[in-house]
Number of protein chains: 2
Amino acid sequence: MAEPGRRERLERRVRELEEELARERSGRAAPRARIETMSPEVTDTNPYSRLMALKRMGIVKDYEKIRTFTVAVVGVGGVGSVTAEMLTRCGIGKLLLFDYDKVELANMNRLFFQPHQAGLSKVQAAEHTLRNINPDVQFEVHNYNITTLDNFEHFMDRISKGALEEGKPVDLVLSCVDNFEARMAINTACNELGQTWMESGVSENAVSGHIQLIVPGGTACFACAPPLVVAANIDEKTLKREGVCAASLPTTMGVVAGILVQNVLKYLLDFGTVSYYLGYNAMQDFFPTMSMKPNPQCSDNNCRKQQENYKQKEAARPKQEVIDQEEEIVHEDNDWGIELVSETSEEELKAASGPMPELPEGITVAYTIPNKEENLITEETAAEAEESLEELMAKMRNM
Amino acid sequence: MAEPGRRERLERRVRELEEELARERSGRAAPRARIETMSPEVTDTNPYSRLMALKRMGIVKDYEKIRTFTVAVVGVGGVGSVTAEMLTRCGIGKLLLFDYDKVELANMNRLFFQPHQAGLSKVQAAEHTLRNINPDVQFEVHNYNITTLDNFEHFMDRISKGALEEGKPVDLVLSCVDNFEARMAINTACNELGQTWMESGVSENAVSGHIQLIVPGGTACFACAPPLVVAANIDEKTLKREGVCAASLPTTMGVVAGILVQNVLKYLLDFGTVSYYLGYNAMQDFFPTMSMKPNPQCSDNNCRKQQENYKQKEAARPKQEVIDQEEEIVHEDNDWGIELVSETSEEELKAASGPMPELPEGITVAYTIPNKEENLITEETAAEAEESLEELMAKMRNM
């Protein structure tokens, strides 16, 4: 008598546990099948309705084209993870993710990763989350450091052949790394391959950042104008002393990922104005923009080659075509003719600046150290200035 | 013999299932205990090290203060959910979340919610995710529409009494709703309570957005300058026809949430310049700023009362204190004296504008319909302008 009762209890317990496990798992598994064609239908169950609405709103001509593109994201940290999530939710065709780091609790002050993922590799944790979010996207993840010799070769191979159609290059490489060495590796690879890419960065004090579009031969590459700290030969490792870490904020990184992916969408889907450089100064809510010509004396041999190719292509094009092609490259749909102009004139800038180093054409310094003695406005010089103005007026009167 | 074998198999199966369930659950539960004090220690397991580094970097004087603040987020959609996640990861003391909507697959083109949460209430799903991310934050969620009479009373009660210390008001209310009615309800509540709040919004075509700081009596409230569509008495429901939905992008919403929470951090932790209004035009990467005085003829009686209170307080303060207090309110730490100036002069604007309606002091129109005949520059008028310049020069020469 006792045996069957015990068996029944055990059988009931197995059923209960199996149900519980199924419930637990259903909460994590992707509850939708892959979707063959993006539909503009407005229903609660269509994950693409709000994106397809961009066509009806007159913003994007052909939103479905997003499914044909492949983007490589290098660095899946504070900016890269959110970048990958945004592209996944937008329904990008394929994502290649590169990172060699592990998720740590110390990353929890930025978006995307969750505490239970601590210890997993960033690319593995990201792929799991992103597949659940959108099973229509193809993922290819590489858990390695792109700067070592072997990995660099493999990285070059994958960005030149890893598109949706195997053997074709990716459409865009996004640099979301946090160090100079990795940026330089991406720059070297893209210069050699002629691969268009976008750079992103956040300052160590967490309150500024930027994004930048780099077209090999057409714009300055990362080696054309290296950051001052590197130009000054300061070893980057000395900046990362034990017990010292950079500050970071989910806000700044979210904004940088947002403006980066917005620039990607504008570039791939051909709408709005693609920014060459967009900065974010969080302290003052200031967003500087600029563009930079390549340095003919760039230390990267492939950059100089790409510059020659670019010039030859530009020269070979018939006049009308040049304009069309240029528009195609820069996506400058500027219907209202809005121009970004500096509020400071070149003369004012020169007067307030210190000695300028000799630089090749197209390169300018962000700032100089003003020579105080030269620029000090004493009462005497102010008086002189007044006098010469009056002299000028007098001359005009006598003209 | 068969019975014990079966029992053993069942017992083994129960053990297996229990272990599997435990593994499944451990992957979702928060793997860290609550943290009593924020530490600046740089270890992989410290979720606050990168935030505490803001002190060492000279950005924030007292970062730990974040744990004393309570913020209410109204609307947990594309902007509100990311806003709540950023505040949670920053270690805010307490969050109050208000929403009455359910998660749908149609929300998956924006950050935060995941497909397996479809069908859950947004506040319930958000609370579950956010608690896992940071168990140090206190949550209070309300699954209702704040615009109905009963709920509005309850909403007023919670924002005036729901701080960490029960009975005290929240430090800030954030509006992340998507309709005029809900914004107006928040505006009414905050005007009555004298509660400072921030507004956010994203356009229906998904490519622009804004955030705004509203200090009752000190700045224009939402009723001081209602949107044109509402002023023109167009029923909002006619805009939401069946089969028509607004477009949305994770990029734009991520940027708006990022600049909103950045403004919240600057306001609460007293660093940088708090923006009164910051817009985001994604097509041109343009970020307009402005500030607006309250309308003395505002239709909201409580706004007019708050304006009187504000004026009296300003007048009652000793001169020096006024400056200090004003700085405290607006957080205008503008060390470099950066000023935002319009690139268009008032005269230029007037010349290019149509007839201006009569408006109370402090209110301006965003644009007017130019009177084409008056502004048409014919060859004749251009010639006249040239002539008068020459006349002027001639007069100067003859002076």
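Residues numbered from 1 in each chain as written. Chains lettered and ligands numbered in written order. Predicted model: local features only at pLDDT ≥ 70, side-chain atom pairs only at ≥ 80, totals over all residues. Heavy atoms only, no water.

Participant: Is there a simple way to explain the pattern of salt bridges in this structure?
Facilitator: Two side chains that carry opposite charge are able to pair once their charged atoms sit near each other. Following the criterion strictly, the structure yields 28 salt bridges over all chains and no others. The residue Glu64 of chain A makes a salt bridge to Lys55 of chain A at a minimum N-O spacing of 2.9 Å. By relative accessible area, which is 28% here, Glu64 of chain A ends up partly exposed. A salt bridge links Asp136 of chain B to Arg67 of chain B, with the nearest nitrogen and oxygen atoms 3.5 Å apart. Of this pair, Asp136 of chain B sits in the loop between α4 (122–133) and β3 (138–142) while Arg67 of chain B sits in the loop between α2 (49–56) and β1 (70–74); the two residues are 69 residues apart in sequence, bridging distant segments of the chain. (Salt bridge = Lys/Arg side-chain N within 4 Å of Asp/Glu carboxyl O. Buried < 20%, exposed > 50% of the residue type's maximum accessible area, 1.4 Å probe, protein only. Helix = DSSP H or I, 4+ residues; strand = E, 2+ residues; numbered from the N terminus.)

Participant: When you look at the nonpolar core in this model, what are you seeing that I'm missing?
Facilitator: Side chains of a nonpolar character, in soluble globular proteins, are inclined to be buried together. One finds Tyr63, Leu95 and Leu174 of chain A together with Tyr63, Leu95 and Leu174 of chain B to be the most contacted residues of the largest nonpolar core, which totals 134 residues. In contact with Tyr63 of chain A, not counting residues within four places along its chain, are Met38, Leu51, Met52, Leu54, Lys55, Cys90 and Leu269 of chain A. (Core = buried A, V, L, I, M, F, W, Y, C linked by side-chain atoms within 4.5 Å. Contact = heavy atoms within 4.5 Å.)

Participant: Before we go on, may I ask you to explain helix α10 (residues 301–316) of chain B in this structure?
Facilitator: Think of an α-helix as 3.6 residues a turn; residues three or four steps apart then line up on the same face. Residues and elements named next belong to chain B. Helix length check: α10, at 16 residues, gives a terminal C-alpha distance of 23 Å against a target of 22 Å (1.5 Å per residue), a fit within 8%. For α10, the full list of buried residues reads Asn302, Cys303, Gln306, Gln307 and Glu314. Summarising the axial view, the buried residues of α10 lie within an arc of 145°, below the 170-degree limit, and thus occupy one face. Opposite its buried face, α10 presents the exposed residues Lys311, Gln312, Ala315 and Ala316, each directed more than 90 degrees away. N-capping of α10 is provided by Asp300, with a side-chain oxygen placed 2.8 Å from the backbone N of Asn302. (Expected span 1.5 Å × (residues − 1). Arc of directions from axis to C-beta. Polar contact = N/O pair within 3.5 Å; in protein donor to acceptor, adjacent residues only side chain to side chain.)

Participant: What am I meant to see in helix α2 (residues 49–56) of chain A here?
Facilitator: All names here are of chain A. Ser49, Leu51, Met52, Ala53 and Leu54 are the residues of α2 that are buried. Buried residues in α2 make contact with α3 (80–89). Gly58 sits one or two positions beyond α2 and adopts a positive phi of about 80°.

Participant: Hey, could you run me through unusual backbone geometry in this one?
Facilitator: Peptide bonds are trans in most cases, and residues, glycine excluded, mostly fall at negative phi. Residue and element names in this part refer to chain A. A positive phi is found at Ala206, a non-glycine position, where the angle reads about 75°. Checked against the element boundaries, Ala206 lands in the loop between β5 (197–202) and β6 (208–214). You can call Ala206 buried: its relative accessible area is 0%. Backbone geometry places Asp270, a non-glycine residue, at a positive phi of 60°. Examined against the element boundaries, Asp270 turns out to sit in the loop between α9 (250–269) and β7 (277–281). Note on Asp270: relative accessible area 39%, which makes it partly exposed.

Participant: Which parts of the structure should I look at to understand the pairing of β1 of chain B?
Facilitator: Two faces, one strand: in a regular strand the side chains alternate between the faces of the sheet. Residues and elements named next belong to chain B. For β1, the tally of buried residues reaches 5 of 5 residues, placing the bulk of the element in the interior. When β1 meets strand β2 (residues 94–98), the two strands line up parallel, connected through 5 bridges. Across the sheet, the residue bridging to Val73 is Leu97, located in β2. In this region the chain leaves β1, passes through helix α3 (residues 80–89) and returns to the parallel neighbour β2; the handedness of that crossover is right-handed. (Pairing = 2+ DSSP bridges. Right-handed = clockwise from strand over helix to strand, strands pointing away.)

Participant: Would you mind going over the sheet that holds strand β4 (residues 172–175) of chain A with me for this structure?
Facilitator: Each strand in a sheet pairs with another by means of backbone hydrogen bonds, the pair being arranged parallel or else antiparallel. All names here are of chain A. Sheet architecture is open: 7 strands sit in the order β3-β2-β1-β4-β5-β6-β7, paired in mixed fashion. Here the strands that pair on one side only, and so sit at the sheet edges, are β3 (138–142) and β7. Going across the sheet, the axis of each strand differs from the next one's by a mean of 15°, ignoring polarity. Judged from the 6 bridges that link them, β5 and β6 form a sheet pairing that is antiparallel. From the neighbouring strand, Gly201 faces β6, where its bridge partner is His210. Set on the sheet, helix α5 (residues 149–161) makes contact with β1 (70–74), β2 (94–98), β3 and β4; between it and β2 the angle comes to about 170°. (Axes fitted to C-alpha atoms, helices over the stretch in contact; angles between N-to-C directions.)

Participant: What should I look at first to understand the confidence of the model for chain A in this one?
Facilitator: Low pLDDT marks regions whose predicted coordinates should not be analysed in detail. All names here are of chain A. Across chain A, pLDDT averages 81, with 71% of residues at or above 70. Note that residues 229–233 has pLDDT below 50 and, in this model, 3 contacts with residues that lie over four places away or in other chains. Predicted confidence for residues 362–389 stays below pLDDT 50, and this span has 27 contacts to residues more than four positions away or in other chains. Scoring of the predicted complex yields 0.76 for pTM and 0.76 for ipTM. (pLDDT = per-residue confidence, 0-100.)

Participant: Honestly, the environment of Arg56 of chain B in this entry has me stumped. Any pointers?
Facilitator: Locating Arg56 of chain B in the fold gives a position in helix α2. In the structure, Arg56 of chain B is positioned 153 residues away from Gly209 of chain B in sequence and 33 Å away in space, judged by C-alpha atoms.

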